[in-house]
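Summary of structural features
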Amino acid sequence: MSAVEARLAELGLTLPQVVPPLAAYQPAVRSGGYVYTSGQLPMVDGRLPVTGKVGAEVTAEEAKDLARTCALNALAAVKSVTGDLDRIARVVKVVGFVASAADFTGQPGVVNGASELLGEVLGDKGVHARSAVGVAVLPLDAPVEVEIQVELAP
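What this report covers is the structure whose coordinates are included nearby. (Residues numbered from 1 in each chain as written. Predicted model: local features only at pLDDT ≥ 70, side-chain atom pairs only at ≥ 80, totals over all residues. Heavy atoms only, no water.)

Focus: the layout of surface pockets
Note the following rule: Using only the protein atoms, space was sampled on a 1 Å grid; points where a 1.4 Å probe fits but cannot get out form cavities, open sets with protein on both sides within 12 Å along at least five of seven lines form pockets, and lining residues are those with an atom within 4 Å of a point. Grid points are joined across faces, edges and corners, and a volume is the space filled by probe spheres set on the points. What counts as a helix is a DSSP run of H or I of at least four residues, what counts as a strand is a run of E of at least two, and both are numbered from the N terminus. Three classes are used: nonpolar for Ala, Val, Leu, Ile, Met, Phe, Trp, Tyr, Cys and Pro, charged for Asp, Glu, Lys and Arg, and polar for all others, with Gly counted as polar.
In this structure, the largest pocket spans a volume of roughly 320 Å³. Pro16, Met43, Val44, Asp45 and Asn73 are the residues nearest the centre of the largest pocket, which is lined by 17 residues in total. When residues in the lining of the largest pocket are grouped by element, the largest group, four residues, is from helix H2 (residues 60-82). Split by residue class, the lining of the largest pocket holds 10 nonpolar, five polar and two charged. Volume-wise, the second largest pocket comes out at about 160 Å³. Around the second largest pocket sit 13 residues that line it, and Leu22, Tyr25, Gly39, Gln40 and Leu41 are the ones nearest its centre. Across the lining of the second largest pocket, the residue classes break down as nine nonpolar, three polar and one charged.

Considerations on the packing of helix H1 (residues 3-10) against helix H3 (residues 107-122)
Stated precisely, the cut-off is as follows: All axes here are fitted lines through C-alpha atoms, helices being fitted over the stretch that makes contact, and every angle between N-to-C directions spans 0 to 180 degrees. Should an angle lie under 35 degrees it is considered roughly parallel, over 145 roughly antiparallel, and from 65 to 115 roughly perpendicular; all remaining angles are considered oblique. Note on contacts: a residue pair is in contact if any heavy atoms of the two residues lie within 4.5 Å.
Close contact between H1 and H3 brings their axes to 8 Å; oriented N to C, the two are set at 115°. Considered as vectors, H1 and H3 are oriented roughly perpendicular to each other. Residues Val4, Arg7 and Leu8 of H1 form the contact with H3, whose participating residues are Glu120, Val121 and Leu122.

Let's talk about the packing of aromatic side chains
Defined as follows: Here a Phe, Tyr or Trp ring, Trp counted by its six-membered ring, pairs with any other such ring whose centre lies within 6.5 Å, and the pair is stacked when the planes are under 30 degrees apart, edge-to-face when over 60, and tilted otherwise. Only protein chains enter the accessibility calculation, which uses a 1.4 Å probe. A residue is then buried if its area is under 20% of the maximum for its type, exposed if over 50%, and partly exposed in between.
Applying the stated rule across the entire model yields one aromatic pair. With a centroid separation of 6.4 Å and an interplanar angle of 35°, the aromatic rings of Tyr34 and Tyr36 are classed as tilted. According to the relative accessible area criterion, Tyr34 is partly exposed, its value standing at 34%.

Describing the environment of Leu22
In this fold, Leu22 is placed in the loop between H1 and strand E1 (28-31). Residue classification places Leu22 among the partly exposed residues on the basis of a relative accessible area of 48%. A sequence separation of 118 residues divides Leu22 from Leu140, and the C-alpha atoms of the two residues are 9.5 Å apart. The residues touching Leu22, leaving out its near neighbours within four places in the chain, are Leu41, Pro139 and Leu140.

Overview of the pattern of salt bridges
Just so we agree on the cut-off: One speaks of a salt bridge when a side-chain nitrogen belonging to Lys or Arg is within 4 Å of a carboxyl oxygen belonging to Asp or Glu.
What the rule picks out here adds up to five salt bridges. Between Glu5 and Lys79 there is a salt bridge; the shortest N-O distance is 3.0 Å. Here Glu5 is found in helix H1, whereas its partner Lys79 is found in helix H2, with 74 residues between them in sequence. The exposure class of Lys79 is partly exposed, given its relative accessible area of 27%.

This is the structure in structure tokens:
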């Protein structure tokens with residue numbers, strides 16, 4: 001077991017299976033010393049636990065938890081192309097998309113769920129640049145979607 005996966009276990013988390021693509025793309029692609037994940041939905045056992053807009057059908061706190069799930073799915077996607085999460089030198093960038101009700105402005109707080117998970121799991125290697133974007137709708141009516149970019153150790 002890698003040190004990162006041991007840390008996940010300490011947190012009571014298990015790295016899930018990679019979420020299969022919904023269309024014509026790969027969950028993650030390695031280019032040189034970087035891995036870029038596709039947007040990861042908060043899928044659990046092949047389904048979305050909640051759907052709808054944040055600030056309407058979904059609370060900000062629920063969405064924050066879903067963003068954590070997205071980040072966990074992103075780590076699974078990274079492992080699928082690296083074979084070992086201990087190869088992560090640092091998370092470079094996180095982009096979070098939040099399907100938002102018209103008056104919802106708490107996107108940064110929602111995406112904190114992903115950022116905080118990466119920090120808990122990777123420590124200083126999890127500190128990153130980030131964007132949190134409100135959108136009208138996401139695939140499958142998901143409340144949140146997260147993609148990450150990581151740099152690999154040589």
